[in-house]
Amino acid sequence: VLVSSLQAWDLTRRTFAYTNHTILPEALERWPVELLEKLLPRHLQIIYQINQAHLDVSMTQLRDGRGKISSNPSPMLCVFVFSSQSYEKITALFPKDISKLRKMSLIEEDGCKRVNMAHLFKDFSELEPDKFQNKTNGITPRRWLLLCNPGLAELIAEVIGEDYVKDLSQLKKLNEFVDDATFIRDIAKVKQDNKLKFAQYLEKEYRVKINPSSMFDVHVKRIHEYKRQLLNCLHIIALYNLIPATDLSEQISTAGTEASGTGNMKFMLNGALTIGTMDGANVEMAEEAGEENLFIFGMRVEDVSEMDKKG
């Protein structure tokens with residue numbers, strides 16, 4: 001069935017919600033219009049059309065009172081849509097809130113003209129709050145425990161059975177064995193065996209010798225400013241076989257910046273202790289395991305927000 005572009009856009013709007021694991025600007029794509037004009041001219045044309053349709057709908061919603069109008073009008077009168085006719089229509093409807101509509105545009109004109117996915121969410125969510133929901137990333141125990149650490153997986157299965165693979169909440173049954181000296185000894189042996197294997201791998205592949213009896217303090221993250229690798233430099237980004245060997249997992253992002261983080265889950269699932277801030281999946285991990293079982297330090301989200309306000 002053939003439909004017009006306007007019908008297609010209306011179907012799209014009523015069908016899809018936005019999904020992304022983070023809303024930090026450095027993690028969102030911002031494409032220069034000049035580049036898209038050269039590589040994907042037809043795509044850019046469609047983006048312009050979608051942006052126009054979006055702004056037309058946004059104007060109607062704002063006019064009907066569904067959006068929260070700013071009380072601080074911006075003096076900037078920059079062109080934020082692709083046609084002067086649209087610009088005149090928008091400025092006529094909202095002469096005192098150019099800043100609001102400018103922020104609603106997918107096309108950013110501040111400096112290099114870009115197709116922008118950053119800095120949009122607050123204004124968008126005010127218009128259509130039902131389309132925005134929080135979801136924390138997860139990991140699969142089949143990969144990050146059974147495949148990654150078969151020794152630990154088998155030990156757990158011996159104690160509580162194999163059903164935990166399909167229902168990870170059954171790991172709570174291990175609480176019954178926290179004072180079981182034999183079980184604790186077996187857990188420690190699995191960890192030490194994994195550390196020995198990793199030490200042997202490191203020596204074979206990279207000719208680096210490490211002491212398998214030392215503490216393996218690990219920080220595995222993508223390189224992002226907010227993850228603060230520079231404060232924890234010279235740590236190793238390595239293959240999966242580092243996960244089972246880790247004693248202490250470092251999760252030290254600034255509170256309120258990490259969307260989720262899955263490395264911390266992988267380390268915790270494999271018996272590592274966690275030291276870090278109350279950020280990302282550390283929040284859910286603390287809820288499930290008890291905050292007393294994590295080494296939490298630093299400011300909370302409210303503290304960071306308050307410091308930001310003070311400059």
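Residues numbered from 1 in each chain as written. Predicted model: local features only at pLDDT ≥ 70, side-chain atom pairs only at ≥ 80, totals over all residues. Heavy atoms only, no water.

Per an unreviewed UniProt entry, the protein chain carries the name Alpha-1,4 glucan phosphorylase and comes from Xenoophorus captivus. The UniProt entry for the protein chain carries the following text under Subunit (unreviewed entry): "Homodimer; enzymatically active. Interacts with PPP1R3B; recruits the phosphatase PP1 which dephosphorylates and inactivates PYGL/glycogen phosphorylase." The heading Sequence similarities (unreviewed entry) in the UniProt record of the protein chain holds the text "Belongs to the glycogen phosphorylase family." (UniProt positions renumbered as here; feature names shortened; annotations may be inferred.)

Student: Which parts of the structure should I look at to understand the overall build of the protein chain?
Tutor: Helix and strand counts for the protein chain stand at twelve helices and seven strands. By the burial criterion, 37% of the 311 residues in the protein chain qualify as buried. Taking all contacts inside the protein chain whose residues are at least 6 apart in sequence as the whole, residues at least 24 apart take part in 58%. (Helix = DSSP H or I, 4+ residues; strand = E, 2+ residues; numbered from the N terminus. Buried < 20%, exposed > 50% of the residue type's maximum accessible area, 1.4 Å probe, protein only. Contact = heavy atoms within 4.5 Å.)

Student: I keep staring at the environment of Lys-173 and nothing clicks. Help me out?
Tutor: Within the fold, Lys-173 resides in the loop between helix 8 (150–160) and helix 9 (181–206). Lys-173 gets classed as partly exposed once you look at its relative accessible area, which sits at 38%. For Lys-173 and Ile-156, which are 17 residues apart along the polypeptide, the C-alpha to C-alpha distance reads 9.9 Å.

Student: Just checking my understanding: could you explain the sheet that holds strand 6 (residues 273–276) for this structure?
Tutor: Spatial strand order, 4-5-6-7: four strands in an open sheet with parallel pairing. Edge strands, defined here as strands with exactly one partner in the open sheet, are strand 4 (217–218) and strand 7 (295–296). Of the pairings in the sheet, the one linking strand 4 to strand 5 (residues 248–251) comprises two bridges and is parallel in character. The partner of Asp-217 across the bridge, within strand 5, is Leu-248. (Pairing = 2+ DSSP bridges.)

Student: I tried to follow the sheet that holds strand 2 (residues 107–108) on my own but got confused; where do I start?
Tutor: Adjacent strands of a sheet pair through backbone hydrogen bonds, lying either parallel or antiparallel. In spatial order, the strands read 1-3-2; together these three strands make up an open sheet with antiparallel pairing. Single-partner strands in this sheet number two, and they are strand 1 (30–32) and strand 2. The pairing of strand 2 with strand 3 (residues 114–116) spans two bridges and is antiparallel. Looking at the pairing, Glu-108 lines up with Arg-114 of strand 3.

Student: Honestly, the packing of aromatic side chains in this entry has me stumped. Any pointers?
Tutor: Aromatic rings in a pair are described by how distant their centres are and how their planes are angled relative to each other. What the rule picks out here adds up to three aromatic pairs. Each ring, one from Phe-177 and one from Phe-183, has its centre 5.8 Å from the other, and the planes form 50 degrees; the classification is tilted. Residue classification places Phe-183 among the buried residues on the basis of a relative accessible area of 9%. A centroid spacing of 6.1 Å and a plane angle of 65 degrees characterise the contact between Phe-198 and Phe-216, whose relative ring orientation is edge-to-face. Of this pair, Phe-198 sits in helix 9 while Phe-216 sits in the loop between helix 9 and strand 4; the two residues are 18 residues apart in sequence, bridging distant segments of the chain. (Phe/Tyr/Trp six-rings, centres within 6.5 Å; stacked < 30°, edge-to-face > 60°.)

Student: Explanation requested: the side chain of Ser-253 in the structure shown.
Tutor: Here Ser-253 lies in the loop between strand 5 and helix 10 (263–269). At 2.6 Å, the side chain of Ser-253 and the side chain of Asp-279 are in polar contact. (Polar contact = N/O pair within 3.5 Å; in protein donor to acceptor, adjacent residues only side chain to side chain.)

Student: Just checking my understanding: could you explain the pairing of strand 5 for this structure?
Tutor: Regular strands place their side chains on alternate faces of the sheet. Here strand 5 shows a buried face lined by Leu-248 and Glu-250 and a second buried face lined by Ser-249 and Gln-251. Taken together, the four bridges between strand 5 and strand 6 define a ladder with parallel strand orientation. Its bridge partner being in strand 6, Gln-251 is matched across the sheet by Gly-276.

Student: How should I be thinking about the confidence of the model for the protein chain in this particular structure?
Tutor: In low-pLDDT segments, the atomic positions of the prediction should not be examined closely. On average, residues of the protein chain carry a pLDDT of 78, and 73% of them reach 70 or more. Element-level mean pLDDT values for the protein chain span from 46 in helix 4 (residues 84–93) up to 96 in helix 8. (pLDDT = per-residue confidence, 0-100.)

Student: Sorry, what's going on with the packing of helix 8 against helix 9 here?
Tutor: Helix-helix packing: each pair is described by the crossing angle between the helix axes and the interaxial distance. Contact geometry of helix 8 with helix 9 gives a least axis separation of 9 Å together with a crossing angle of 165 degrees. Considering the angle they form, helix 8 stands roughly antiparallel to helix 9. Both helix 8 and helix 9 take part in a crossing whose hand is right-handed. Contacts from Gly-151, Leu-152, Leu-155 and Val-159 in helix 8 reach Phe-183, Asp-186, Ile-187 and Val-190 in helix 9. Looking at the contact of helix 8 with helix 9 residue by residue, the class counts come to six nonpolar, one polar and one charged. (Axes fitted to C-alpha atoms, helices over the stretch in contact; angles between N-to-C directions. Parallel < 35°, antiparallel > 145°, perpendicular 65-115°, else oblique. Left-handed = near helix turned anticlockwise from the far one by under 90°. Nonpolar A, V, L, I, M, F, W, Y, C, P; charged D, E, K, R; others polar.)

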